[in-house]
Amino acid sequence: MAQLRLTATELLADEALLSDSAVRVVIDGVTKDNRDAVTAIIHRRIGGEIADKDGVIEVQPAALTDRTRFNFPDVYRIMKILRGEGGCQWDRAQSHESIRSNMIEEAYELVEAIDNRDVDNMEEESGDVLLQSVFHAVMAEESGEFDISDVITRLCRKLIDRHTHIFGDVKADNAEQALIAWDNAKAKEKKYTGASSKMDSVGKAMPALIKAYKVGKAAAKAGFDFADARQASGKVGEELTELLDADGAEAEVEGGDLLFAAVNVLRLKHVEPETALRAATDKFIHRFKYVEARADISSASDEELDRLWQEAKGAGL
């Protein structure tokens, strides 16, 4: 069995990479003063059976199904088992395409947990997003496309190369300057020839509101923008008039122009449109439930429905 040997000082200083709970760990230099802190880290990050004798702690890994703590290699190992001979029939039957929508679903569930400040669900949904990445990496390894090491290597290289103000000689004194440094490093890496090539790089499968927001930001950075949100709002009125005068396919075009114009106003007000629209939709649902619980919507008068709507609004819904 593979073994990792380190000192208590290294462990407590977080100088040891405890990344594989299938490895036997031997920790030297354990004293009365540091024993509790050492064992706390073992329970938190390793798990397994602990043997403590003469200043040395040995940690024997538990069987996969008996562990109470896991590390990243365990995720990879479990997915390999599920995809391997004798593994799960459903997992073995999947492809990149068949689970494509799962990543979108899990990402939105994580976003919902963040919006709700639900820490427990944030923990769970973060794991589900990680699972999708590992799933794709294992499938890609099977077909010789890439493996999990390639994924991690590319991520780490990106983090180093784009944080030029940390790992290079670029100076950044605040978050705004740090973002500019990141954008400049990304533009150099992607070989952008201008704002339009940056727009082309925005994900095609990205939600339309987010894509419109990003495209508007790219244009603004190139100097192509409204002076302020009030000026941009004039375009909203113009596009609304054109939509109301349009029919059929033309109405769809004008509707898109109206939404794009509205996104520009929100961007200039520093409001993220996807988040704003989701909140507005949820608010509408809450108020509608209030009205529906108090009136027969199909037969109630407009005045009654409006009165109940205002009640819901006044109640903070």
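See the structure printed just above.
Residues numbered from 1 in each chain as written. Predicted model: local features only at pLDDT ≥ 70, side-chain atom pairs only at ≥ 80, totals over all residues. Heavy atoms only, no water.

J.: Explain unusual backbone geometry to me, please; I cannot follow it from the model alone.
T.: Positive phi, close to 50 degrees, is recorded for R117, a residue that is not glycine. Tracing the sequence through the fold places R117 in the loop between α5 (100–115) and α6 (119–142). (Helix = DSSP H or I, 4+ residues; strand = E, 2+ residues; numbered from the N terminus.)

J.: Looking at this model, I keep getting lost on the sheet that holds strand β4 (residues 56–60). Mind explaining?
T.: Within a beta sheet, neighbouring strands are joined by backbone hydrogen bonds and run either parallel or antiparallel to one another. The strand order β1-β2-β4-β3 describes an open sheet built from four strands, whose pairing is mixed. The sheet is open, and its two borders are formed by β1 (3–7) and β3 (49–53), each paired with just one other strand. Mean inter-strand twist for the sheet, computed between neighbouring axes without regard to direction, equals 15 degrees. In terms of strand pairing, β3 meets β4 through five bridges, oriented antiparallel. (Pairing = 2+ DSSP bridges. Axes fitted to C-alpha atoms, helices over the stretch in contact; angles between N-to-C directions.)

J.: How do you make sense of the packing of helix α12 (residues 229–244) against helix α13 (residues 248–268) when you look at a structure like this?
T.: Geometrically, a packed helix pair is captured by the angle between its two axes and the distance between the axes. Between α12 and α13, whose axes approach to 8 Å, the crossing angle comes to 165 degrees. What the angle tells us is that α12 and α13 run roughly antiparallel. Considering only the axes of α12 and α13, their crossing is left-handed. Only A251, E254, G255, D257, L258, A261, A262, V265 and L268 of α13 make contact with α12, whose side of the interface consists of A229, A232, S233, K235, V236, E239, L240, E242 and L243. (Parallel < 35°, antiparallel > 145°, perpendicular 65-115°, else oblique. Left-handed = near helix turned anticlockwise from the far one by under 90°. Contact = heavy atoms within 4.5 Å.)

J.: Which parts of the structure should I look at to understand the nonpolar core?
T.: The nonpolar side chains of a soluble globular protein tend to be buried with one another. Grouped together as the largest cluster of nonpolar side chains are 12 residues: L6, A8, L11, V25, I27, V30, V38, I41, I42, I46, I57 and V59. Going through the elements one at a time, α1 (8–12), β2 (24–28), α2 (35–45) and β4 are the ones with two or more residues in this core. A per-element tally of this core places α2 first, with three residues. Discounting residues that sit within four places of it in the chain, V38 has contacts with A8, L11, L12, I27 and I57. (Core = buried A, V, L, I, M, F, W, Y, C linked by side-chain atoms within 4.5 Å. Buried < 20%, exposed > 50% of the residue type's maximum accessible area, 1.4 Å probe, protein only.)

J.: How should I be thinking about the packing of aromatic side chains in this particular structure?
T.: Here the distance between the centres and the angle between the planes together describe a pair of aromatic rings. In total, this model carries three aromatic pairs according to the counting rule given. Between W90 and F135, the ring centres sit 6.4 Å apart and the planes meet at 70 degrees, which makes this aromatic pair edge-to-face. Of this pair, W90 sits in helix α4 (residues 89–93) while F135 sits in helix α6, placing them 45 residues apart in sequence. Residue classification places W90 among the partly exposed residues on the basis of a relative accessible area of 48%. (Phe/Tyr/Trp six-rings, centres within 6.5 Å; stacked < 30°, edge-to-face > 60°.)

J.: Is there a simple way to think about the pattern of salt bridges in this case?
T.: Pairing between side chains of opposite charge can happen when their charged atoms approach one another. Across all of its chains, the model carries 17 salt bridges by this definition. Residues R162 and E189 are paired through a salt bridge, measuring 2.9 Å at the closest nitrogen-oxygen approach. Taken as a pair, R162 in helix α7 (residues 148–162) and E189 in helix α9 (residues 175–190) lie far apart in primary sequence, 27 residues in all. For E189, a relative accessible area of 37% puts it in the partly exposed group. The closest approach of N and O atoms between E304 and R307, which form a salt bridge, is 2.8 Å. (Salt bridge = Lys/Arg side-chain N within 4 Å of Asp/Glu carboxyl O.)

J.: It is not clear to me how the side chain of T39 should be interpreted in this structure. Could you clarify?
T.: Position of T39 relative to the elements: it lies in helix α2. Among the polar contacts made by the side chain of T39, one reaches the main-chain carbonyl oxygen of D36 at a distance of 3.0 Å. (Polar contact = N/O pair within 3.5 Å; in protein donor to acceptor, adjacent residues only side chain to side chain.)

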